[in-house]
Amino acid sequence: MARILITSALPYINGIKHLGNLVGSQLPADLYARYMRARGHEVMFICATDEHGTPAELAAAKAGKPVAEYCAEMHDVQAELANGFKLSFDHYGRSSSPENHQLTQHMAGRLKAAGLISEVSEKQVYSNADGRFLPDRYIEGTCPNCGYDRARGDQCENCTKQLDPTDLINPRSAISGSTDLEVRETKHLFLRQKSMRDSLRDWIKSKHDWPILTTSIALKWLDDGDGLQDRGITRDLDWGVAVRDGDAPWPGMEGKVFYVWFDAPIEYIAATAEWAHAQGLGDDAWERWWREDKGAADVRYVEFMGKDNVPFHTLSFPATLMGANFDGAEPWKLVDYIKSFNYLNYDGGQFSTSQGRGVFMDQALSLLPADYWRWWLLSHAPESSDSEFTWENFQTSANKDLADVLGNLVSRVTKFCRSKFGEVVPEGGETGPREAQLVADLTAKIRSYEQLMEAMEVRKSANELRAIWVLGNEYLQEAAPWSTFKTDPALAAAQIRLALNLIRLYAVISQPFIPEAAQSTMSAMASDDWSWPDDVAAALQLLPAGHAFTTPEVLFTKITDEQREDWQSRFAGVRS
RNA sequence: GGGCCUGUAGCUCAAUGGUUAGAGCAGGGCGCUCAUAACGCCUUGGUUGGGGGUUCGAGUCCCUCCGGGCCUACCA
């Protein structure tokens, strides 16, 4: 039994996430966590809301609420939706938790002690009307290059030229529109990750099995142009983790907070501490997952994220953890494998939270149960390149794979049994070479499925699982119990006994993809034996003759053309 | 501008430099009648974006051109 630590990239707090966010991190992480638990491993699966930063403050202001209150509400909303999608987090934390405040400050103190923090004075744009410093992209003005009048301070979206806020003509605040801006001097802390370039490169190059998407992004940031740059880790904001040197004040940094990208990954660790405290456990309970000197030496740590998150997880966060161990006193667990994803597009364009384009988690659940979405998203996960959601494709996949191949298999077996033998596993008869062949075929494909799941080959795993379902239909076609029942009822009984057991087996191995249907199938089969079919032949004898079951309702109703057209038009524009 | 990824059947995707480039869906044919008009079997369909090169052998490696996407560090 192995110990596996799994984290999903943290969803940002400022709104309900869309399906693209879901498939890029939380959903595949859940698939992996469920599979590893099903195989009997000890799993710690962590996620949390990422609550700090300027967008959170602005979203709260827009909602007319204090930011702490806004975040608390949105956390509950997101937690509820995660629950609706059957995301099996051991803990769904908050980056604003006391645990994260404490740990973030501790890490900063360690980095300071390591000599890895520098203080830099820089000039930034301050808006008097807004009473805040403005990040570059929150300053708008006329592009000096092309004349576009809504160019942002970091880049002109019209001509793509990189800009500095001071380049803009007639600059104004993108928040209030105010032109009462001034440049102020402000002091910030920088993480001296440039000095850790070689150790970061060595570490990344030692990871030969990582997806090319992960390593290519990391190496580009390390070595492209001037190479890895030191990074500012503080901001002039109210909402966030106050800058402190561990328990002590940090002179000169009063009123400043850590940058959200500094405290967010630390929340992976802090959320595990939140979990321990919520369980009434001591610090040793979470430290055995995160500290190699306190039990984490045998932990395998896997991170899931969209490609936009890769630089922070391959460079800044490891630099933080390595730096915090400068004297060997705090060996924090570094990631062992990073599974990164491309983007999911929506019907010819991008999903967009800010523009309300696409299907969002709450809307999805209002249309169909989670399993439909889980199956489509996972079987079309954007692993090798960006992929695209279309309603036609969604309808086809759900109807063919779930309703026809799997759902109908369950129906035809249970209903046939009910009409010929009653709602009980029939007795008598013996299986023969045909059944032995089925066991051999199942075994080969299940072993293959296991390898793909362990390798986090999400789409290929889905394909293999579907192929395993198909074996059931092939067997029935060949065995034809509806024919044998007329000539040799005992043989039909043996065939149906096997088929009923096959349904239970399918529920067990399909559970990581479609947990709700798996549960309802198990309930119908009146079984709670979720043991993994290491021995397929034995697994197909678990439901003994005489075992009563209930013929389940239709497992997956089909998506009709009318529904599809309705949804297609309803979700064609932007969310109001 | 620079970098990275990507381009394979009508669609969505596979294929350690090594038989005749494979699946699912869609299309065509046959079978079955237990089942959600479901299932099974057979089948049509490819100049692997274009061009050049390396090699006994290239979808795969190199060069070049074309198309799509992403990143480029103060949104996260």
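These numbers were taken from a predicted model, which means no experiment stands behind them.

The rules behind these values
- Residues numbered from 1 in each chain as written.
- Chains lettered and ligands numbered in written order.
- Predicted model: local features only at pLDDT ≥ 70, side-chain atom pairs only at ≥ 80, totals over all residues.
- Heavy atoms only, no water.
- Pairing = 2+ DSSP bridges.
- Helix = DSSP H or I, 4+ residues; strand = E, 2+ residues; numbered from the N terminus.
- Axes fitted to C-alpha atoms, helices over the stretch in contact; angles between N-to-C directions.
- Contact = heavy atoms within 4.5 Å.
- pLDDT = per-residue confidence, 0-100.
- Salt bridge = Lys/Arg side-chain N within 4 Å of Asp/Glu carboxyl O.
- Buried < 20%, exposed > 50% of the residue type's maximum accessible area, 1.4 Å probe, protein only.
- Near = heavy atom within 4 Å.
- Polar contact = N/O pair within 3.5 Å; in protein donor to acceptor, adjacent residues only side chain to side chain.
- Core = buried A, V, L, I, M, F, W, Y, C linked by side-chain atoms within 4.5 Å.

A. The arrangement of the sheet that holds strand E15 (residues 299-306) in detail. As summarised here, the arrangement of the five strands in space is E3-E2-E1-E15-E16, forming an open sheet in which the pairing is parallel. Only two strands of the sheet have a single partner each, and these edge strands are strand E3 (91-94) and strand E16 (337-341). Strand-to-strand, the axes of this sheet are offset by a mean angle of 20°, without reference to chain direction. As paired elements, strand E1 (residues 3-8) and strand E2 (residues 42-49) share five bridges and run parallel to each other. Pairing of Thr 7 across the sheet is with Ile 46, part of E2. In this fold helix H3 (residues 67-84) packs onto E2 and E3, with an angle of close to 165° to the strand it touches most, E3. Against the sheet, helix H8 (residues 283-290) touches E1, E2 and E15, its axis set at about 90° to E1.

B. Expanded view of the confidence of the model for chain A. Here chain A shows a mean pLDDT of 91. Residues at 70 or above account for 98%. Within chain A, H8 carries the highest mean pLDDT (98), whereas strand E18 (residues 349-350) carries the lowest (75). Model confidence for the complex: the whole-complex pTM is 0.94, and ipTM, which rates the interface, is 0.91.

C. Looking closely at the pattern of salt bridges. Summed over all chains, the structure comprises 36 salt bridges. Where Arg 184 meets Glu 182, a salt bridge forms, and the shortest distance between an N and an O atom there is 2.9 Å. Under the relative-accessibility criterion, Arg 184 is labelled partly exposed at 30%. When its relative accessible area of 32% is taken as the criterion, Glu 182 is described as partly exposed. A cluster of three or more residues bridged by salt bridges with shared partners is formed by Arg 39, Arg 447, Glu 450, Glu 454 and Asp 534.

D. Representation of the pairing of strand E4 (residues 117-127) within the structure. Here E4 runs beside strand E9 (residues 181-191); their pairing, made up of eleven bridges, is antiparallel. Residue pairing for E9: Glu 122 is matched across the bridge by Thr 186. Between E4 and strand E5 (residues 132-133), which pair antiparallel one after the other, the connecting turn spans four residues, and Gly 131 there sits at a positive phi close to 65°.

E. Structural detail: the environment of Asp 224. When you line up the elements, Asp 224 lands in the loop between helix H6 (212-223) and strand E10 (231-232). For the pair formed by Asp 224 and Glu 430, sequence separation is 206 residues and the distance between their alpha carbons is 68 Å.

F. Spotlight on the protein's contact with RNA strand B. Every one of the 55 residues lining RNA strand B counts as a neighbour, but Glu 122, Gln 350, Asp 386, Asn 408 and Arg 459 are closest to it. Of all atoms in RNA strand B that approach within 4 Å of the protein, 71% are sugar or phosphate atoms. Between RNA strand B and Glu 474 there is a distance of 3.0 Å, counted from a phosphate oxygen to a side-chain nitrogen or oxygen. Those elements giving two or more residues to the surface near RNA strand B turn out to be helix H2 (54-63), E4, H6, helix H7 (260-278), helix H12 (391-420) and helix H14 (458-479). Among the elements that take part in the surface near RNA strand B, H12 stands out by supplying eleven residues, more than any other.

G. Quick peek at the nonpolar core. Core analysis: the biggest nonpolar cluster contains 172 residues, and Leu 19, Trp 373, Trp 391, Leu 442, Tyr 506 and Phe 513 have the highest contact counts within it. Broken down by element, the residue count for this core peaks at twelve residues, all from H12. With residues up to four places along the chain from it excluded, the contact list for Trp 373 reads Leu 19, Phe 85, Val 359, Ala 364, Leu 365, Leu 367, Leu 368, Phe 389, Trp 391 and Phe 394. Of all hydrophobic cores here, the second largest spans nine residues; its members include Leu 134, Ile 139, Cys 143 and Ala 151.

H. Geometry of the environment of Arg 37. On the secondary structure map, Arg 37 appears in helix H1 (residues 19-38). Along the chain, Arg 37 and Ala 537 lie 500 residues apart, while their C-alpha atoms are 22 Å from each other. Each residue touching Arg 37, except ones within four places of it in the same chain, is listed here: Val 43, Phe 45, Ser 88 and Asp 90. There is a polar contact of 3.2 Å between the side chain of Arg 37 and the side chain of Asp 90.

I. Highlighting the sheet that holds strand E6 (residues 139-142). Read from one edge to the other, the open sheet built from three strands follows the order E7-E6-E8, with strand pairing classed as antiparallel. The sheet is open, and its two edges are formed by strand E7 (151-152) and strand E8 (169-173), each paired on a single side. Both E6 and E7 contribute to a ladder of two bridges, which runs antiparallel. The partner of Gly 141 across the bridge, within E7, is Ala 151.

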